Each structure stands twice: as structure tokens, then as C-alpha cells.
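# Results of the structural survey
What follows is each chain in one-letter form.
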Amino acid sequence: MKALLNIGMFLVPPLMAYILHVGNANRKGGGYDNRRKRHIFLLYMLSVNACTYLVSCARGIKTFSFEQMTISYRVKYMGLGVAFGLFFWFVSSRTRSVKYGAEQRNYELDFLKFIFTICVFMSHTGVFRKENTNIILPPQFGQVSVFFFFVVSGMLMANSILKKEINTADYGKLAVMFVINKIKTLALDVYAALFVFMAVYIFTIPLNKIPGELVKMVPELFFVTRAGISITYNVPGWYLSAMFLAMLPLAYLLYKNRDFTLHILAPILAVFILGWLCQTNDYCFPDQHKMHGLFLGGMYSAVSGLCFGICAYNMYIRIGKAKMNENGRMFLTVTEVLLYGVFFGTWFLLRNNRMIMSVILLLPVAAAITFSGKSYITGLFQFKWMKYLAPVSLTIYLNQWIGRVLVQKYFAERSYGFCVSMMAFITLCSCLLSTLTKRISKYVWKEKLKTVFTNCV
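Not measured: the values here are computed from a predicted model.

### Description of the nonpolar core
Core analysis: the largest hydrophobic core is formed by 100 residues, its most contacted members being Met157, Tyr239, Met243, Phe343 and Trp347. Broken down by element, this core gets its largest block of residues, 14 residues, from helix α5 (residues 141-162). Once residues within four sequence positions are removed from consideration, Tyr239 is found in contact with Val146, Phe149, Phe150, Ser153 and Tyr397. One finds Val22, Tyr32, Val48 and Phe88 within the second-largest nonpolar core, a separate group that totals 11 residues.

What follows is the structure in C-alpha cells.
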């Protein structure tokens, strides 16, 4: 009995997924030859057992001792493998008819941004940990998450600039207009979140200090706090300031000399700045609010991340030009899963800063595959409701800090779980107020102020 279970726990889950996969293809009239069937079974065998083993390692069981292994554990292991097998089969069946292209919205990237936004939120709960708190957050939880945002932003920036034909030599003006348009897209969200933050914050300080605090908010309104005028109230907004400031020269270079910037400058800046950060900060990202040489730490992360994003766009172009058949797309799917698996596994399980900074080099490659839409994983992110992931992520990111401030001020002595729950509740309230503020502002402008200040009707 135990011998059969020993074999079954590794063989049954991929075999079940294989039978479903081949049976579904035969039912639709698209059967496979024997060579293709062997490849499919081998792929399920490797992917299902690899994922199941990673879960086992996460639980602290890294070796198999069949003599000491209980029947209950074998059955649970097999059940988990069956769940992974069903998941992979579902991915394959759903994605077989996926249409992809450069114009299609890639909700997989939005999903990843949502996940990293939650990571940023959790990183801000670290100050609530007590001596008896069992939860240990991964190292550089917030910094690595924001670095991913920079990578995605750099990739999208390159995509926006390089896919268009340039018919003018006013490269500086084009770069300025590009950044201004980016600011226009995000300004209302930023100002609404800042308004909610300050509306609550002023009630926590003495009355005579309120005018001074409001005056000091001016640099934040113009997104220049990362230039060194680092008086930041809604702290997560530093990411946008650093991004806009770093985008301006990079956008100019992409407009003026796209070949040099895409193939030479961006890769060099990306790896050398990341290497400098590793050597000068013990393989950690620098404090974004402190000066390191000529610039605040956040600017180095921004430039390096945006340049890695430009490199990711270069890879995305090459993937897009490749005429891939089903085998090629399956290879990309496995590669994407493996890259993200290694990255998150290193970050969450190994928790070593040197290893984390090493596997960060995998992020641009994984992001390029994700952005290409040629991986079968893309098929899981085609639901219409996923269009809300991007705005929800941005709203959470910009409205979480007031929760951190209030909980740290009034509930710091309570348990970690209570503090996290209270911060989440306050963040939710802040998100709702911010959304309401945005809608009221849009309504007032459209119905009342637009005709007053413009000639538009």
C-alpha cells in the first residue's frame, strides 16, 4: 500500500492532468502525435512535482523519508499535486485560444502590480512588530516592490516612445510633453490622496502649526521632492517624484538616439547603478529619503529600474518578432513560471540580500515575457473585471500612509495583528474618500468650472 502511494504521490497528479489535456484536445478534433504526447506528459510531470515540492519546502520539509512518512502526509501531498495539475490543465485549456498583440491590454502586469502593492502595504506594517510577533517579513519588502514598479514603468515608457514615428527634431520638447502627459494621467489620484491625508493629518497637530505644514506641502504638489526638497507627507508618493524626474532625461535620449539608448546606455546604466548600490549599501537598496552622493537614494533606484525596463522592452520586441508555434509558447510559459518562481522563492524563502539582488536581474526578462502576451499564462488574465486592478492598485498605494501614521500614533502598543487590521481598515476608508474626492472634482470641473476657465462647452 505504502509503495503504491509512494509512486502515486508523484505520478497520479501529472497523469490526471495529462489525461484531461489530451482528452480535451481529442474532443475538439485536435489530437496530438505520440511525440507531442510524451512532451506534454513530461511537462506536467516536471511542473506539478516542482510546485508541490516547493510548497513542501515552504512548510519546512525539504527531504523525503519514506520510512517515516505517514499515509496521511502522502495523501495530502498527492491532493496538493492534483490541485496543481488541475490548475495547469485549466491554464492550458483556457489559453489555447488566447489572442495576443501589442494593442491588447495585458492584465497580467496589472495583477503583478497589485501583488507588489500589497507587498508595499505589508512592508509599512513592520514598525508594528513586537518581540512575540511570529510573522517575519521578507527583507527589503517595500524597496524591491517599488523597483518592480520602476521596471514596468521603464518598459511602458519605451513602448510609448519607440512605437511611434518621430517627425520633428524638438526632442527636448517631446520629452517634456511625455512626462507632462504622464503627470496629467496620475495627478488627480495623487492630489486626491494627498488631500485626504492632509485633511486627517492636520487634526493630529497643534492648530498654530497647520499653516506652516500646508506651505511645506508645495514641493510635493510639483513632484520634485526627490530632487532634494524632501519634505514628503504622503510618503509613498516619493516613487512618482523619482519616476518623473528620471524619466525626463531618459525620454529625451530615447527620442534623440533610440538605438544608442536602447542597446548601449540603458543596459550599462541599469547594471552599473545596481552594482554600485550593492557595493555601497551591503547589497541593499539605499534609503530613498537620504542623500547618497549627489542624489537621494530613491533616484538611483528609479534610474536603474527604468533602464532595466528599457532593456525589458528590447527583449519584448525580440519575443514579439519571433514566429512561435505551440512548443515555443509552452517554452515561454515554463520560463515565465520558473523566473517568477525563482525570484519569489529567493525573496520569501531564502531571505538573503545578496541572493535577492542577484535574482532581481531576472525581473526584466520575466516582465518582457509577461508584456509580450505570448505565454499561456496570459489566458488567466483576460477577465473583464481585471481592468480594475490597475486603478485599485494605485489607489491603495497612494492611500495607505495615513493608516500607518494614525496606527503608529494611537495604537502602537496593541498587537501586530490588531495594528495591521486597523491600518487596513483606515486605508480602505482613505481609498473610499479619495475616490469620492476624485469624482466630486471631476464633476465640479466638468459641470461648473470648465465653462468659466475655458471656451469649451
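More follows now that the structure is in view.
### Remarks on the packing of helix α12 (residues 326-350) against helix α14 (residues 363-372)
With their axes 9 Å apart at the nearest point, α12 and α14 run at an angle of 140° to one another. Comparing their axes, α14 and α12 come out oblique. Note on packing geometry: the crossing formed by α12 with α14 is left-handed. Every residue of α14 that contacts α12 at Leu332, Thr335, Glu336, Leu339, Tyr340 and Phe343 is listed here: Leu363, Val365, Ala366, Ala367, Ile369 and Thr370. Class assignment for the residues of the contact of α12 with α14 results in 9 nonpolar, 2 polar and 1 charged.

### Observations regarding the packing of aromatic side chains
Evaluated as defined, the whole model comprises 31 aromatic pairs. Ring plane angle 65° and centroid distance 5.7 Å describe the contact between Phe10 and Tyr77, whose orientation is recorded as edge-to-face. Taken together, the residues span a long stretch of sequence, with Phe10 in helix α1 (residues 2-27) and Tyr77 in helix α3 (residues 71-95) at a distance of 67 residues. Through successive ring pairs, a cluster of aromatic residues spans Phe116, Phe141, Phe148, Phe343, Phe344, Trp347 and Phe348. Across the ring face of Tyr410, the terminal group of Lys409 is positioned such that the distance to the ring centre comes to 5.9 Å. Lying over the aromatic face of Phe418, Arg414 brings its terminal NZ or CZ to 3.9 Å of the ring centre.

The rules behind the values
- Residues numbered from 1 in each chain as written.
- Predicted model: local features only at pLDDT ≥ 70, side-chain atom pairs only at ≥ 80, totals over all residues.
- Heavy atoms only, no water.
- Core = buried A, V, L, I, M, F, W, Y, C linked by side-chain atoms within 4.5 Å.
- Buried < 20%, exposed > 50% of the residue type's maximum accessible area, 1.4 Å probe, protein only.
- Helix = DSSP H or I, 4+ residues; strand = E, 2+ residues; numbered from the N terminus.
- Contact = heavy atoms within 4.5 Å.
- Axes fitted to C-alpha atoms, helices over the stretch in contact; angles between N-to-C directions.
- Parallel < 35°, antiparallel > 145°, perpendicular 65-115°, else oblique.
- Left-handed = near helix turned anticlockwise from the far one by under 90°.
- Nonpolar A, V, L, I, M, F, W, Y, C, P; charged D, E, K, R; others polar.
- Phe/Tyr/Trp six-rings, centres within 6.5 Å; stacked < 30°, edge-to-face > 60°.
- Lys NZ or Arg CZ within 6 Å of the ring centre and 35° of its normal.

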